[in-house]
2 protein chains.
Amino acid sequence: MVVSINHPDFAALRINGARLMNTLHSTCDQFGAAHRYGSDPTETGMARLSLNDDDKAVRLWLVEQVTALGCKVTIDQMGNIFAVRAGKINDVAPVMMGSHLDTQPTGGRYDGILGVLAGLEVLRTLHENDYATEGPVGLVNWTNEEGARFPMITMASGVWAGSIPLEAAWACVEVTPLTDGSEPKTVKQELERIGFLGDVPASYKANLIAAHFELHIEQGPILEDEGQRIGVVTGAQGYSWYEVTVIGRDSHAGTTPLSARKDALLAAARMVAASNHVARRAKGFITTGRFDVEPGSVNTVAKKVTFTLDVRHPENSSKVDMVAECRVVFDRIAKEECRSGMEVHWKTLAETDATVFPENCIRMVEDSAEVVCGRLKGTPQGRKLWRRMLSGAGHDSCHVNKRCPTAMIFTPTRGGMSHTPDEYCSPGDCVLGTQVLLGAVLRYDANRKR
Amino acid sequence: MVVSINHPDFAALRINGARLMNTLHSTCDQFGAAHRYGSDPTETGMARLSLNDDDKAVRLWLVEQVTALGCKVTIDQMGNIFAVRAGKINDVAPVMMGSHLDTQPTGGRYDGILGVLAGLEVLRTLHENDYATEGPVGLVNWTNEEGARFPMITMASGVWAGSIPLEAAWACVEVTPLTDGSEPKTVKQELERIGFLGDVPASYKANLIAAHFELHIEQGPILEDEGQRIGVVTGAQGYSWYEVTVIGRDSHAGTTPLSARKDALLAAARMVAASNHVARRAKGFITTGRFDVEPGSVNTVAKKVTFTLDVRHPENSSKVDMVAECRVVFDRIAKEECRSGMEVHWKTLAETDATVFPENCIRMVEDSAEVVCGRLKGTPQGRKLWRRMLSGAGHDSCHVNKRCPTAMIFTPTRGGMSHTPDEYCSPGDCVLGTQVLLGAVLRYDANRKR
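As named in an unreviewed UniProt entry, chain A is Peptidase M20 dimerisation domain-containing protein, taken from Coniochaeta pulveracea.

Describe the overall build of chain A, and please don't skip the residues or the numbers.
From N to C terminus, chain A includes 12 helices and 18 strands. For 450 residues, the compact-globule estimate of 2.2 N^0.38 gives 22 Å, and chain A sits close to it at 24 Å. Along the longest, intermediate and shortest principal axes, the C-alpha atoms of chain A span 80 × 55 × 45 Å. Out of the 450 residues belonging to chain A, those deemed buried represent 61%. Of the contacts formed within chain A by residues at least 6 apart in sequence, a portion of 77% connects residues at least 24 apart. Total accessible area on chain A stands at roughly 16,700 Å², and carbon and sulfur atoms take up 51% of it. Charged side chains in chain A number 48 positive and 54 negative. The centres of these two groups are separated by 4 Å.

An account of the UniProt feature "domain: Peptidase M20 dimerisation" (unreviewed entry) in chain A is requested, with residue identities and associated values reported.
The UniProt record annotates "domain: Peptidase M20 dimerisation" (unreviewed entry) at residues 235-336 of chain A. Between the end C-alpha atoms of residues 235-336 of chain A the distance is 40 Å, and the span holds 39% helix and 32% strand.

Explain the pairing of strand 18 (residues 406-411) of chain A to me, using residue names and the numbers behind them.
Residues and elements named next belong to chain A. The buried count for strand 18 comes to six of six residues, which makes it a mostly enclosed element. By the alternation rule, side chains of strand 18 split into Thr 406, Met 408 and Phe 410 and Ala 407, Ile 409 and Thr 411, which are all buried. Bridge count between strand 7 (residues 211-217) and strand 18: six bridges; the pairing is parallel. Counted as the bridge partner of Phe 213 is Ala 407 from strand 18.

Now, about the interface of chain A and chain B: what can you tell me, with residues and values included?
Listed by partner, the interface residues are 51 residues for chain A and 51 residues for chain B. Note on chain A versus chain B: buried area summed over both sides is about 4,200 Å², and carbon and sulfur give 66% of it. Contact with chain B buries area across many residues of chain A, yet Thr 255, Leu 258 and Val 298 of chain A alone supply 16% of it, more than any other trio. At the boundary of chain A and chain B, one finds two salt bridges. Looking at the side of chain A that touches chain B, the elements with two or more residues in it are helix 8 (264-282), strand 11 (285-287), strand 12 (291-294), strand 13 (300-301) and strand 14 (304-313) of chain A. It is helix 8 of chain A that contributes the most residues to the side of chain A that touches chain B, eight residues altogether. Looking at the side of chain A that touches chain B residue by residue, the classes come out as 21 nonpolar, 19 polar and 11 charged.

So what about the relation of the copies chain A and chain B? Which residues, and what values?
With an axial shift of 0.0 Å and an RMSD of 0.1 Å, the rotation relating chain A to chain B amounts to 179°. Interpreted geometrically, this transformation is the action of a two-fold axis. For chain A, the residue whose C-alpha comes nearest the rotation axis is Ala 269 of chain A, separated from it by 2.2 Å. Counting the interface residues of chain A, we find that 100% of their copies in chain B are interface residues as well, pointing to one common contact surface.

I'd like a description of helix 10 (residues 359-374) of chain A, backed by residues and values.
Taking 1.5 Å as the rise per residue, helix 10 of chain A with 16 residues should run 22 Å; its terminal C-alpha atoms sit 22 Å apart, in good agreement. The complete set of buried residues in helix 10 of chain A reads Cys 361, Ile 362, Met 364, Val 365, Glu 366, Asp 367, Ser 368, Ala 369, Val 371, Val 372 and Cys 373 of chain A.

Explain the packing of aromatic side chains to me, using residue names and the numbers behind them.
In the structure shown here, the tally under the stated rule is 21 aromatic pairs over all chains. Considering the side-chain rings of Tyr 239 of chain A and Trp 241 of chain A, the 5.3 Å spacing of their centres and the 35° angle between planes classify their relative orientation as tilted. Taken together, the ring pairs connect Tyr 242, Phe 291, Phe 307, Phe 330 and Trp 346 of chain A together with Tyr 242, Phe 291, Phe 307, Phe 330 and Trp 346 of chain B into an aromatic cluster. Sitting over the face of the ring of Trp 346 of chain A, Arg 327 of chain A holds its NZ or CZ atom 4.4 Å from the ring centroid. Here Arg 403 of chain B stacks its cationic end above the ring of Tyr 204 of chain B, 4.1 Å away from the centre of that ring.

Conventions used here
Residues numbered from 1 in each chain as written. Chains lettered and ligands numbered in written order. Predicted model: local features only at pLDDT ≥ 70, side-chain atom pairs only at ≥ 80, totals over all residues. Heavy atoms only, no water. Helix = DSSP H or I, 4+ residues; strand = E, 2+ residues; numbered from the N terminus. Rg over C-alpha atoms; globule rule 2.2 N^0.38 Å. Buried < 20%, exposed > 50% of the residue type's maximum accessible area, 1.4 Å probe, protein only. Contact = heavy atoms within 4.5 Å. Areas by Shrake-Rupley, 256 points an atom, 1.4 Å probe, with all protein chains shown as cover. Lys, Arg positive; Asp, Glu negative; His and termini not counted. Charge placed at Lys NZ, Arg CZ, Asp CG, Glu CD. UniProt positions renumbered as here; feature names shortened; annotations may be inferred. Pairing = 2+ DSSP bridges. Buried area = accessible area lost by both parts, 1.4 Å probe. Salt bridge = Lys/Arg side-chain N within 4 Å of Asp/Glu carboxyl O. Nonpolar A, V, L, I, M, F, W, Y, C, P; charged D, E, K, R; others polar. Least-squares fit on C-alpha atoms with pLDDT ≥ 70 in both. Expected span 1.5 Å × (residues − 1). Phe/Tyr/Trp six-rings, centres within 6.5 Å; stacked < 30°, edge-to-face > 60°. Lys NZ or Arg CZ within 6 Å of the ring centre and 35° of its normal.

Following this line, the structure appears as structure tokens:
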């Protein structure tokens, strides 16, 4: 990969790493810190649930910061915050950097938060260098990415992209109520309460975006395991969630011969094991995270088991094939475990296609990563510190990509662990990722001029 | 098998089948009927929980019935009711027929109840025929066989046999409290409340038994499947109950490569499937009836699974071998599923050795079954309607057998289903089993004379 000679070397425009990390930790300290796990002041997790008082406070703080940089702020009907810094030409849509400031109830300081504050740091860097971009460049904080308090993940980017109806999102009721004993609230009630129910439609038609770049922690172990520092994300796996119910017959565990049983639990256990083989062969993922048994007594053969399948693959057709294979295998197991067969019912809980980011956006990130990593001191010759990779998880960028060119940048995640208080990305990696973000955005911006 | 020429043909002494069935259904109707499942008046199940008001009422009724037959009634400290009819010689211990009148909360009309009322019918038959047995013959109703309300199965026969300390049984607290909103009661409180806390020690030393015969429904499908009508029970499987905990690590189901997972649920599912193979090879039973997952979220790899193993085999050494093999296999699976291994912890919940009834008692039952079945009209020549078999479940007789010669008689159970309201044994089979019980008891009684 060679940097286009038409591009200036954006790596000369340096972000302020200390400022980035101070901003990240001071805002986490003030707005939602929880779950201390170490003695260092920064060693807490977060419980900044979407649209709670801490989310309100950090939103007000963000609006203040971007306003101070001269950005124009728009709040849409889903509380998404768009902050746009003018460029040389302003009759084009902005290139946006976006992620989310909300967290899981036992979340960490990096998932989502890093992406928004990295975007802020890029805007600050452009501002203090008085750097004129070709077109407008901005930052977006997407509401309720986590789906933890309001159980609909990547909710507001989904509304913006037209994938989720506004009314459905507004009507979504919290599952983790505030502890003040009040009635569970809807998204719309809480948007109104915290003053972030804007009047601009939450839609790609009303708020155009030219391109969207998202810096995010990997949330997996690949970069760390490979000793690499930047993931150039080419897309995200699709996922399908199913609830499989196996109906057998309860009977006495001591008196019922194996041949006379309809053991729903044994059949379901074999199905879980078999689904893992299907996933391995297809180089995809199938995970069972829930497994509920009736009646659930030591000496009673189970009559009913309901378990979930989380099926993922980078290619939609392979995901479909995996599910089809599971259906065949499960039916075979149900027959094997009982001559007369057991009922096996499938219910689809969620379904999302795989995301493929456009090559031009991926190339902007890749070019930027190559230059930024290439300048790192002490890197052995020929050691490549970045790699193309897929996202295993869904992100706001997956929705946004349906409406404008999008790409993502991943940074290493200690132990591959996220959604946990001690989720961690080193300061060096946070800074490196932010510098790559800056380079990708400015490359895209520079390119659109021509 | 040839009936000893020294034995009179006890089958000439006929029990009254209509009276037996009327007694069974009328007492079920009056004392604890619940869970109607059909339109016939007898088509309900039972909820006669140990020491509740219905159990009290049926006990008072039973005492009245046996007293009317001239029996001497003794209530021991566990509320066991012993009713003894005098014989020609009365300085020897009685031959007892015993089972239990309590049921599961969603129990049926036959499990336990049939055995006690069959014993009553035998006593009534002896009485109306003015039949003089060699020694005393009697009936015992064992308290809390089910362990449903007070969670300790075959409780009071266990105390009688010296296997369960009296104080532990007395202190046992109900898990299914009465619905009057009162504090959960102990066994002793409830014995006192219903007037069945006797002052005779609950012990084989205070209440001697010469031999013990129990008629019981099979609770399994073997007799029905084989088209046979009487099970001559030679013993009962031992059982061991374990709780196995697998500790992995929770992680994101979309971002964690299979190779980096510590998926406790996948490992546990494979263990359940593997334990079934161990059981099949050893011709024993291993059943998993509980399977609890943490955290139990669709898209989170499970960090912890706790599941139970109910391990049974007619031979103790084979049961021990099965458990040992499971331990090895589970450890191997834990290693296969994660390079660094997952923790696997075993906790013993209960352990009972296999029961082997003495051959002389088994022969009494077998002789009786052969004669009784041989007289049935319309039985094809050479068709054997009884079989020796093992009990899969535990019974009061397993405790009693430790202190006196014991055997059991099984009758067919529709679909092998018990502990359910529509548990069913046909009138013909109830009557046949009772007639076999009479023959076995009188054979044992006649034999001890010589």
